[in-house]
Amino acid sequence: MAKILVTGGTGYIGSHTAVELINKGYEVVIVDNLSNSNIDVLNGIEKITGVRPAFENIDCVDYVSMDRMFEKYNDIDAIIHFAAFKAVGESVEKPLLYYRNNLVSLINLLQLMPMHKVNNIVFSSSCTVYGQPDILPVVESAPIKPAASPYGNTKQIGEEIIHDTIYANQGYQSIILRYFNPIGAHASAEIGELPNGVPNNLLPFVTQTAIGLRKQLSVFGNDYNTPDGSCIRDYIHVVDLAKAHVIAVERMLKKLTKSRIETFNLGTGIGLSVLEIIDTFEKVTGVKVPHKIVGRRDGDIEKVWADPTYANDVLGWVATESVEETLRSAWAWEQNLAQRTKPE
Ligand code: NAD
Ligand code: WQD
């Protein structure tokens with residue numbers, strides 16, 4: 001079976017993707033420097049799949065170590081490149097940290113691919129490249145708006161670097177996946193999102209507030225031009241997202257791609273507001289989430305949700321998990337985490 005390099009494979013989306021790859025019989029090699037994840041994630045993957053993937057603690061920015069890694073696992077068939085920093089606010093404070101980490105990692109991989117005869121790469125992009133789209137739901141051909149943060153810019157530049165490199169190298173192909181808002185956790189609650197410090201993203205803040213780790217959730221604005229005034233996003237179950245990566249890899253390995261670079265939105269096609277998420281979470285878990293409305297958060301866009309038709313038609317992939325099930329899974333994961341960290 002094919003061997004897949006998963007950079008950032010102990011991270012949130014990477015770990016769920018590693019599980020889906022292993023479940024489909026792929027051999028997985030994870031490269032992660034644990035800058036935003038924990039080595040224990042490997043235990044979670046092993047518990048779920050019965051297989052412990054190969055793991056290398058390497059910084060993708062370190063060209064020499066990456067070169068050695070490719071030599072060690074000398075017949076990698078495809079790369080799924082998740083490794084990146086992703087905190088929007090931090091990227092504004094430390095832009096060079098983000099440009100170096102996210103772009104040099106990608107450049108190293110693209111440079112090493114031909115040397116090690118790896119032809120296929122899946123890239124983690126983001127709906128952030130669309131900014132506030134003029135037309136909703138947003139399709140892949142929608143204009144790319146000027147990036148609102150250095151983080152967002154690393155995704156835009158990353159896509160451009162891939163375009164230039166793949167078209168300059170005959171035989172290489174890439175699938176670019178633009179994720180909307182991934183939430184939830186594996187049904188086993190053995191792996192999930194592990195935010196560092198105070199969460200920036202909505203869902204971990206909701207679950208941490210529900211479990212009592214945070215006093216109150218701040219809802220950033222209720223004066224947007226939306227039905228209830230709070231922002232709208234397309235929240236997608238991380239396992240649905242992970243499955244799309246397996247399909248993308250299969251598509252490249254079977255040479256089914258129609259062009260050397262294909263770009264897909266990965267979302268549900270459903271827009272939900274912050275207040276709807278809180279309300280649904282409370283309904284499905286029976287747990288209250290203390291919250292208050294505060295001012296808008298700088299840089300937030302009003303509303304965005306995907307048109308996933310292209311991925312549905314071409315990849316034969318559809319997000320199947322309901323938001324209720326997704327929120328339940330996020331809550332089960334938070335509860336499991338609390339059990340693990342409880343003093344004896
Ligand atoms: P994450 O932080 O949980 O996972 C990223 C992993 O990459 C971490 O384990 C981290 O330790 C590792 N890493 C970072 N820099 C590295 C480096 N230089 N070398 C080796 N390992 C490195 O993040 P995630 O949510 O799983 O995101 C995965 C990818 O998806 C990222 O590229 C992110 O930008 C993108 N993305 C995420 C979201 C989201 O909301 N989570 C949305 C759109 C796109
Ligand atoms: C969702 C909604 C907030 C926290 C970010 C990145 C984006 C992508 C996904 C990687 C917004 C509101 C949040 C809180 C709140 N990542 N909110 N109180 O901003 O859509 O996207 O993550 O590519 O690039 O920008 O996600 O989860 O931070 O926010 O009211 O404490 O929840 O205002 O409307 P966002 P998020």
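See the structure above.
Rules used in this analysis
- In this convention, every chain numbers its residues from 1, walking through the sequence in written order.
- Going through the entries in the order they are written, you letter the chains from A and number the ligands from 1.
- In keeping with the predicted nature of the model, local features appear solely for residues at pLDDT of at least 70, side-chain atom pairs appear and are counted solely at 80 or more, and the whole-chain, interface and lining totals rest on all residues.
- The side-chain figures draw on all heavy atoms in the structure; neither hydrogens nor water molecules are used.
- Working definition: with a 1.4 Å probe on protein chains only, accessible area under 20% of the residue-type maximum means buried, over 50% means exposed, and in between means partly exposed.
- Helical segments are the DSSP runs of H or I of at least four residues, strand segments are the runs of E of at least two, and each set is numbered from the N terminus.
- Two strands pair if DSSP finds at least two bridges between them.
- Handedness of a crossover is defined as follows: orient the strands so they point away from the viewer, and if the path from the first strand over the helix to the second runs clockwise, the crossover is right-handed.
- Each residue is tested against the molecule or strand, and it is near if at least one of its non-hydrogen atoms lies within 4 Å.
- The term polar contact refers here to a pair of N or O atoms within 3.5 Å; inside protein, the definition further demands a hydrogen-donor-capable atom paired with an acceptor-capable atom, and it admits residues adjacent in sequence only when both atoms are side-chain atoms.
- Here the Shrake-Rupley method, with its probe set to 1.4 Å, supplies the accessible areas, and only the displayed protein chains count as covering residues.
- The rule is simple: put a 1 Å grid over the protein atoms alone, call a set of points where a 1.4 Å probe fits but cannot get out a cavity, call an open set with protein on both sides within 12 Å along at least five of seven lines a pocket, and count a residue as lining if it has an atom within 4 Å of a point.
- Grid points are joined across faces, edges and corners, and a volume is the space filled by probe spheres set on the points.
- Put simply, Ala, Val, Leu, Ile, Met, Phe, Trp, Tyr, Cys and Pro go in the nonpolar bin, Asp, Glu, Lys and Arg in the charged bin, and everything else, Gly too, in the polar bin.
- By the convention used here, residues are in contact when the closest approach between their heavy atoms is within 4.5 Å.
- Here the axes come from fitting lines to C-alpha atoms, over the contacting stretch only for helices, and the angles between their N-to-C directions go from 0 to 180 degrees.

Draft legend 1. Summary view of the pairing of strand β6 (residues 173-179). With seven of seven residues buried, β6 lies mostly within the body of the structure. Burial along β6 is two-sided: the face carrying Gln173, Ile175, Leu177 and Tyr179 and the face carrying Ser174, Ile176 and Arg178 are both buried. Two elements, strand β5 (residues 120-126) and β6, share seven bridges in a ladder whose sense is parallel. Counted as the bridge partner of Ser124 is Leu177 from β6. Pairing geometry for β6 and strand β11 (residues 261-266), over six bridges, is parallel. Looking across to β11, one finds that Arg178 is bridged to Asn265.

Draft legend 2. Summary view of the pairing of β5. Most of β5 sits inside the fold, with seven of its seven residues counted as buried. Here β5 shows two buried faces, one formed by Asn120, Val122, Ser124 and Ser126 and the other by Ile121, Phe123 and Ser125. Two strands pair when backbone bridges link them, and strand β4 (residues 78-81) and β5 are joined in this way by four bridges, in the parallel orientation. The residue bridging Ile79 from the neighbouring strand is Ile121, located in β5. Where the polypeptide runs from β5 across helix α6 (residues 150-168) and back to β6, its parallel neighbour, the crossover connection is right-handed.

Draft legend 3. Representation of the site of ligand 2. Around ligand 2 there are 18 residues in total, and Ser126, Tyr151, Ser218, Arg233 and Asp300 lie nearest to it. The contact in question runs from an oxygen atom of ligand 2 to an N or O atom on the side chain of Asp300, over 2.5 Å. Summarising the interface, the protein chains cover 88% of the accessible area of ligand 2, which totals 680 Å² for the free molecule. Counting residues per element, the shell around ligand 2 draws most heavily on strand β8 (residues 217-220), which supplies four residues.

Draft legend 4. Examining the layout of surface pockets more closely. Its boundaries defined by the atoms lining it, the second largest pocket holds a volume of some 170 Å³. Taken together, 15 residues line the second largest pocket, and the ones lying closest to its centre are Tyr235, Thr268, Ile270, Glu321 and Val323. The set of elements that each furnish at least two residues to the lining of the second largest pocket consists of β10 (235-237) and α11 (323-341). The dominant element in the lining of the second largest pocket, judged by the number of residues it contributes, is β10, at three residues. Residues belonging to the lining of the second largest pocket are distributed by class as follows: eight nonpolar, six polar and one charged.

Draft legend 5. The arrangement of the side chain of Asp32 in detail. Tracing the sequence through the fold places Asp32 in the loop between β2 (27-31) and α2 (41-49). There is a polar contact of 2.7 Å between the side chain of Asp32 and the backbone nitrogen of Leu34. Excluding residues that lie within four positions of it along the chain, Asp32 makes contacts with Gly8, Gly9, Thr10, Gly11, Ser37, Phe55, Glu56, Asn57 and Ile58.

Draft legend 6. Expanded view of the sheet that holds β6. One open sheet accounts for seven strands, arranged β3-β2-β1-β4-β5-β6-β11; its pairing is parallel. On the outer flanks of this sheet lie β3 (54-56) and β11, each paired with one strand and no other. If you compare each strand with its neighbour and ignore which way they point, the axes differ by 20° on average. Each of β5, β6 and β11 touches α6; the most contacted strand, β5, lies at about 155° to it. Relative to the sheet, helix α8 (residues 238-253) contacts β1 (3-7), β4, β5, β6 and β11, its axis offset from that of β6 by approximately 165°.

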